[in-house]
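# Structural characterization, general
Chain by chain, the residues run as shown.
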Amino acid sequence: MNQRRTAYGIAGGLLLVLIIASIMIGAGMFTDSAVASMPPASVEPQALTANIVMQQDDSKPPASTADHSQFEELQQEFATGPEVTAACLRCHTEAAAQIHETLHWTWEYVNPDTGQELGKKNVINNYCVAIDSNEPRCTSCHVGYGYANDEFDFTSENNVDCLVCHDTTGDYKKFPVGAGHPVYETKEFPPGSGKMWEPLDLANIAQNVGATSRNTCGACHFYGGGGAAVKHGDLDPTMANPSYELDVHMSPDGENFTCATCHVEDSHSVSGSRYQAIGKDTHGVDLPASDGNPATCESCHGLRPMQDEQLNDHVDQIACQTCHIPTYAREMQTKMWWDWSTAGRKDAEGKGIVEKDDNGWVTYDTKKGDFVWEKNVTPEYIWFNGTVTYTNLEPFADGAETVPINVLHGGPDDPDSRIWPVKLFKGIQPYDSGNNTLAVPHLFGKDENAYWKSYDWGLALEAGMAAYGADYSGEYGWIETEMLWPLNHMIAPKEQAVSCESCHEDGLLDGMEGVYMPGRDHNELVHNTGVGLAWLAVVGIVVHGGFRFRNGRKNGKNGEK
Amino acid sequence: MIENNGSQKVYVYKRYNRVWHWIQAIQIALLGITGFEIHGSFSLFGFERVTKIHDITAWSLIFMVAFTIFWYFTTGEWKHYVPSGEKASVHLRYYTLGMFKNEPHPGKNKELSRLNPLQRFTYLGFKLLIVPVMVTTGLLYMFYNDLPAFGINLSLEFVAILHTIGAFALLSFFLVHVYMTTTGQTVFTNIKAMITGYEEIEVVEPEPAAGD
Ligand code: HEM
């Protein structure tokens, strides 16, 4: 009997401990879930959960076995960029041929799944719309020299620009309207700004070449759309040297990754494409065998990357980015709206106008129209399986209110899809109202047709459409358009990830149908019937108890003899 | 000598029985509160915390149930729950009519038959239906992502619906059950018995023949 009592005691004690433990967990252990409101300074860099660590260690000697300053080929005066390239190619004999195969050079991409011809050369967007007829301006971000019009020789080896990616001095700069060249004599840009561009010490730059860096990639990719922070929302100049709170991977206080740490190159071809993305990586860690895209989160973190298995149960339907990029453009505002239809307004003297907000960001420019900027923006969410199609010259329905620049495909029943965060960029732009297609304006140039010369949309569209090879009806109107940008960068410290409550209780993903989300969803019939049943029980109790009470009063206390 | 108002203390609930009962009561209450927060009925702990509490409490309940089943069968306590149709109607009549006329409670909690027939049906239903349904659907819910690997293809919504139906059934049971404990000889007789183990029960002896 005594033994038995002890056994019960132990069992009871054990269970009490379990219960108390669960209450304690409820009360205290998860205080870090509230860190969204924590001051950033208290967030310490964390041990990472990834399987591959590729960290730069500045305390060690450089990994390269070559010191370019000792090479005779580079000890000369270089008058132009192509001269430098010629010197590079004397040793790196295959480099230009490799570059010729890449998207960075061709600006052309054929989507293998949809057959669509994409790439910068073909896509029509709602920023500066399209490249054709505007080359010298746009191609200041081409990895080449002299892409000034559609007659550019894409087979030229010496016109490959090695320095724009491999400069380590920070001095190398392509001239914004130089078709990819730096300046070789002093020039002013923007015109009338007083900002002078001096010729570069190309020999010094060439002697100090090295691996790509956040700065070299960022020189173009942080300035997409014609200026700092305009385009992506998750890539802007703050990412050149990001704080740990801004990007745990790329911060010197975090993993200090360069872009190429994830966008691994092979034969100068850089992995990770927005034209053909991966909605759900089911391959996992890319070592030892890669699935061809080492830039996905799973490529390093694996398929169940979190310590909490309940969180891991989300990864089949929620992209990592959805929780780990709580907001984008966290430290520098990004462009959210661009209305071309208001462009062309001039002051009393017929001069262009530039209006700025309190922070000095341009909100109106005669050349471009009205802008809206936003900082620390909560993304939109969308089911995405990696397939993107572009509208380009596809005619849209008569009376369409908004036209998608691109469509991100996917849905809740598609096993390749997950919920992704995106930047939604909207604007108003000219369209061909006769053919119901988007239209390409000729913006940049010294000729009379260029919009930025004569401010005549009719002429600009006529010329732009001809250059794009489109059949233009001759009539134009204004249409609202939307473009979606999947977000991948600006991964916040895990303490600042989107909380469980945000979606399950506070409605962050309320627009996302097709999944059962506990807390947000329930079956109305079951719920109402259940509530009814419980009320029925309550009413039954009250009625029964009422009778007992009344009878107790009448007959004396219940149970009393 | 007629002796019909005497009472006697009878040991009705063993220690394990009592300990187990109250632990389970806390577990079910906690599961109910946290479960309905997960369901979206109110916000108390916050979603992250509440799922953790619900899951841990669920595991403690599973452990408890397993241990108790073991206890029932090694001690023979299971016999209390074997339903006997014999007197269920008497009890049904008592709760719906007799009680209001101040008739004495028809059932006596004696050592080997502490549950009256109506209670047996109800508790057996609780043990054999609601708890297993909650445990099974709860585990399906918990391991939802691993189900396809076992060849089980259910929608999460379906699992959640079953679990929610069970939860509402349990809620109603819980309410009625708590109320029913007040229908003993006095309002607190049953609750006291579940705490102390002893119940004061009337000793009703057979009426002696008239004229004796
Ligand atoms: C061993 C038993 C149980 C297990 C394994 C279990 C497990 C679960 C799981 C896994 C969930 C989903 C949320 C989460 O991950 O925590 C859940 C939800 C829920 N549970 Fe339980 N549970 C159990 C018992 C109970 C009991 C006894 C009740 C009620 C008295 C209950 C009421 C609920 C409710 C109302 C929900 C929300 C359902 C919805 O709206 O989707 N559960 N349970």
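Residues numbered from 1 in each chain as written. Chains lettered and ligands numbered in written order. Predicted model: local features only at pLDDT ≥ 70, side-chain atom pairs only at ≥ 80, totals over all residues. Heavy atoms only, no water.

## Looking at the coordination of the iron atom of the ligand
Ideal values differ by geometry: the angle at a metal is 109.5 degrees with four tetrahedral donors, but 90 or 180 degrees with six octahedral donors. All names here are of chain B. So the rule is basically this: With water omitted from the atoms examined, metal sites may look incomplete; donors here are N, O and S atoms no farther than 2.8 Å from the metal, or 3.2 Å in the case of Na, K and Ca. A four-donor site is called tetrahedral if each angle lies between 85 and 135 degrees; a four-donor site is square planar, and a six-donor site octahedral, when trans pairs exceed 155 degrees and the remaining angles lie between 65 and 115; all other cases are labelled irregular. Helix and strand labels come from DSSP, where a helix needs a run of H or I of at least four residues and a strand needs a run of E of at least two; each type is numbered from the N terminus. Buried residues are those whose accessible area, probed at 1.4 Å on protein chains only, stays under 20% of the maximum for their type, while exposed residues exceed 50% and partly exposed ones sit between those limits.
At the metal site, the iron atom of the ligand is ligated by His 54 (NE2) and His 163 (NE2), and these contacts range over 2.0 Å. The coordination sphere of the iron atom of the ligand comprises six donor atoms, whose angles at the metal cover 86 to 180 degrees; the geometry is octahedral. Highlighted residues: His 54 in helix α2 (residues 47-75) and His 163 in helix α5 (residues 156-180), separated in sequence by 109 residues. Exposure class is identical for His 54 and His 163. Each is buried.

## Some details on the pattern of salt bridges
Applicable threshold: Here a salt bridge means any side-chain nitrogen of Lys or Arg lying within 4 Å of a carboxyl oxygen belonging to Asp or Glu.
One pass over the structure, following the stated rule, counts nine salt bridges over all chains. The shortest N-O distance in the salt bridge between A:Asp308 and B:Lys52 comes to 2.6 Å. In this pair, A:Asp308 is assigned in the loop between α10 (298-301) and α11 (309-312) and B:Lys52 in helix α2, connecting two distinct chains. Residue A:Glu355 pairs with A:Arg345 through a salt bridge whose shortest N-O separation is 3.7 Å. A residue pair is termed long-range when its members are at least 10 positions apart, and A:Glu355 in strand β8 (residues 354-356) and A:Arg345 in the loop between β7 (334-339) and β8 qualify at 10 residues. Exposure remark for A:Glu355: the relative accessible area of 32% places this residue in the partly exposed category. Relative accessible area serves as the criterion here: at 39%, A:Arg345 is assigned to the partly exposed category. The structure contains a network of salt bridges with shared partners spanning A:Arg304, A:Glu309 and A:Asp313.

## Remarks on the packing of helix α1 (residues 15-38) of chain B against α2(B)
All names here are of chain B. For the record, the criterion: With axes taken as lines fitted to C-alpha atoms, and helix axes fitted only over the stretch in contact, angles between N-to-C directions fall between 0 and 180 degrees. For classification, angles of less than 35 degrees are called roughly parallel, those exceeding 145 degrees roughly antiparallel, those between 65 and 115 degrees roughly perpendicular, and all remaining angles oblique. Should the near helix be turned anticlockwise from the far one by less than a right angle, the crossing is termed left-handed; should it be turned clockwise, right-handed. Each residue gets one of three labels, nonpolar for Ala, Val, Leu, Ile, Met, Phe, Trp, Tyr, Cys and Pro, charged for Asp, Glu, Lys and Arg, and polar for the others, Gly among them.
Between α1 and α2, the least distance of the axes is 9 Å, while the angle of their chain directions is 150 degrees. By the criterion of interaxial angle, the relationship of α1 to α2 is roughly antiparallel. As for how α1 packs across α2, the hand of that crossing is left-handed. Taken together, the residues of the contact of α1 with α2 break down into 17 nonpolar, 10 polar and one charged.

## Thoughts on helix α2 (residues 81-91) of chain A
Condition: Contact definition: two residues touch when any of their heavy atoms are within 4.5 Å.
For α2(A), every residue scored as buried is listed here: A:Gly81, A:Pro82, A:Val84, A:Thr85, A:Ala87, A:Cys88 and A:Leu89. Summarising the contacts, the buried residues of α2(A) are in contact with α3 (95-100), α6 (163-166) and α7 (202-207) of chain A.

## Quick look at the pairing of strand β10 (residues 369-374) of chain A
Residues and elements named next belong to chain A. To be explicit about the condition: Strands were regarded as paired on the criterion that DSSP finds at least two bridges between them.
Direction of pairing for β7 relative to β10: antiparallel, over a ladder of five bridges. Bridging across to β10, Trp 337 finds its partner in Val 372. Sheet analysis places strand β9 (residues 362-365) next to β10, joined by two bridges and oriented antiparallel. Directly across from Asp 365, in β10, lies its bridge partner Gly 369. In sequence, β9 turns back onto β10 through a hairpin of three residues.

## Re the site of the ligand
Here is the rule we go by: Being near a molecule or strand, for a residue, comes down to having at least one heavy atom within 4 Å of it. In protein, a polar contact requires one atom able to donate a hydrogen and another able to accept it; more generally it is a pair of N or O atoms within 3.5 Å, and residues adjacent in sequence count only if both atoms are side-chain atoms.
Surveying the vicinity of the ligand reveals 25 residues, the closest of which are B:His39, B:His54, B:Asp55, B:Tyr141 and B:His163. The ligand sits at the junction of chains A and B, each of which supplies nearby residues. Within the side chain of A:Tyr516, one N or O atom sits 2.7 Å away from an oxygen atom of the ligand. Within the side chain of B:Tyr141, one N or O atom sits 2.7 Å away from an oxygen atom of the ligand. Tallied by class, the residues present in the shell around the ligand amount to 15 nonpolar, nine polar and one charged.

## Digging into the packing of α1(B) against helix α6 (residues 189-196) of chain B
All names here are of chain B. As a packed pair, α1 and α6 sit with axes 7 Å apart at the nearest point and diverge in direction by 115 degrees. When the axes of α1 and α6 are compared, the pair comes out roughly perpendicular. Between α1, through Asn 17, Arg 18, His 21 and Trp 22, and α6, the contact on the second element is made entirely by Ile 191, Ala 193, Met 194, Ile 195 and Thr 196. Residues of the contact of α1 with α6, tallied by class, amount to five nonpolar, three polar and one charged.

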